[in-house]
Amino acid sequence: MTTVQEMLARGAPIDEIAAWLDQASAQARVDAVFALDRAGQRALFERAGTGTPFTLDHFVPSDVADVRAVHHSGKNTLPLPAKHRFFEKRFARPPGERDRLFGYNQSPSKKLVGPGYFVAVYTRGNPTWEQRGPIVVDYFQVPDGQVPADWPAVIPNSQGLQRFVYKGTRDFMRRVSAHVSIGAAYKGEKALGHFFVLVRQDS
């Protein structure tokens, strides 16, 4: 059976990879991208840079009501115990807005390092950022409006132990397929060399 890793290795274009992921079942899609190691995620991020830019609707589809959470299953390449490499990014659209999303990280380490709140916005207007991806998950910002009622309390990323994880961080996002995206982590303007894949869970 063909895998995403094999497609990357033979130089398959991002459109071919996207088509394979789009026709796969929800579980097969998750299994395929979660099987990628750090080198594989790096290759996928680079390949995704040649694809079609996307909009915030990828993370919260336009037909989803405001302040309703959409979950994206994730796996990162951080040098952590296996269970701590799996997480969810949860996104919601602020009431009446279309140019930003609120979100946080649901992870096994949330009780220790906090929720890691962020605001996702477009990178347009910043040429350096635009080269990294059309959307940035920005931990310099936290929600300043309504979030889903069952989300944890909004706290700044300078508070508690989460300052060592989230403070000063931005993740630049690229589209892989209809459900899959990939991000590269930066501390300030410095690339950290770590990546993560996200797979949207459709309700």
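I will try to describe carefully the structure that is included in this document. Just so you know, these numbers come straight off a predicted model, no measurement behind them.

This paragraph deals with the pairing of strand 7 (residues 180–187). Along a regular strand, successive side chains alternate from one face of the sheet to the other. In terms of burial, strand 7 is largely enclosed, as 7 of its 8 residues are buried. Bridge count for strand 6 (residues 169–175) against strand 7 is 7 bridges, and the pairing is antiparallel. Bridging across to strand 7, Thr 169 finds its partner in Lys 187. Connecting strand 6 to the next strand, strand 7, in antiparallel fashion are 4 residues. Inspection of the sheet shows strand 7 paired to strand 8 (residues 190–200) by 7 bridges, in the antiparallel sense. Across the sheet, the residue bridging to Ala 184 is Phe 195, located in strand 8.

Here helix 3 (residues 26–34) has its buried residues at Arg 29, Val 30, Ala 32, Val 33 and Phe 34. Those residues of helix 3 hidden inside the fold are in contact with helix 1 (4–9), helix 2 (14–23), strand 1 (70–76), strand 2 (86–92), strand 7 and strand 8.

With that out of the way, let us pick up a nonpolar patch on the surface. Together, Leu 161, Phe 164 and Val 165 give the surface a local cluster of nonpolar side chains, amounting to about 300 Å² of exposed area. In this fold, Leu 161 is placed in the loop between strand 5 (135–138) and strand 6. In this structure Leu 161 comes out as partly exposed when scored by relative accessible area, which is 42%.

What counts as what
Residues numbered from 1 in each chain as written. Predicted model: local features only at pLDDT ≥ 70, side-chain atom pairs only at ≥ 80, totals over all residues. Heavy atoms only, no water. Buried < 20%, exposed > 50% of the residue type's maximum accessible area, 1.4 Å probe, protein only. Helix = DSSP H or I, 4+ residues; strand = E, 2+ residues; numbered from the N terminus. Pairing = 2+ DSSP bridges. Contact = heavy atoms within 4.5 Å. Patch = residues over 30% accessible without salt bridge, like charges linked within 9 Å, V, L, I, M, F, W, Y side chains within 5 Å. Areas by Shrake-Rupley, 256 points an atom, 1.4 Å probe, with all protein chains shown as cover. Salt bridge = Lys/Arg side-chain N within 4 Å of Asp/Glu carboxyl O.

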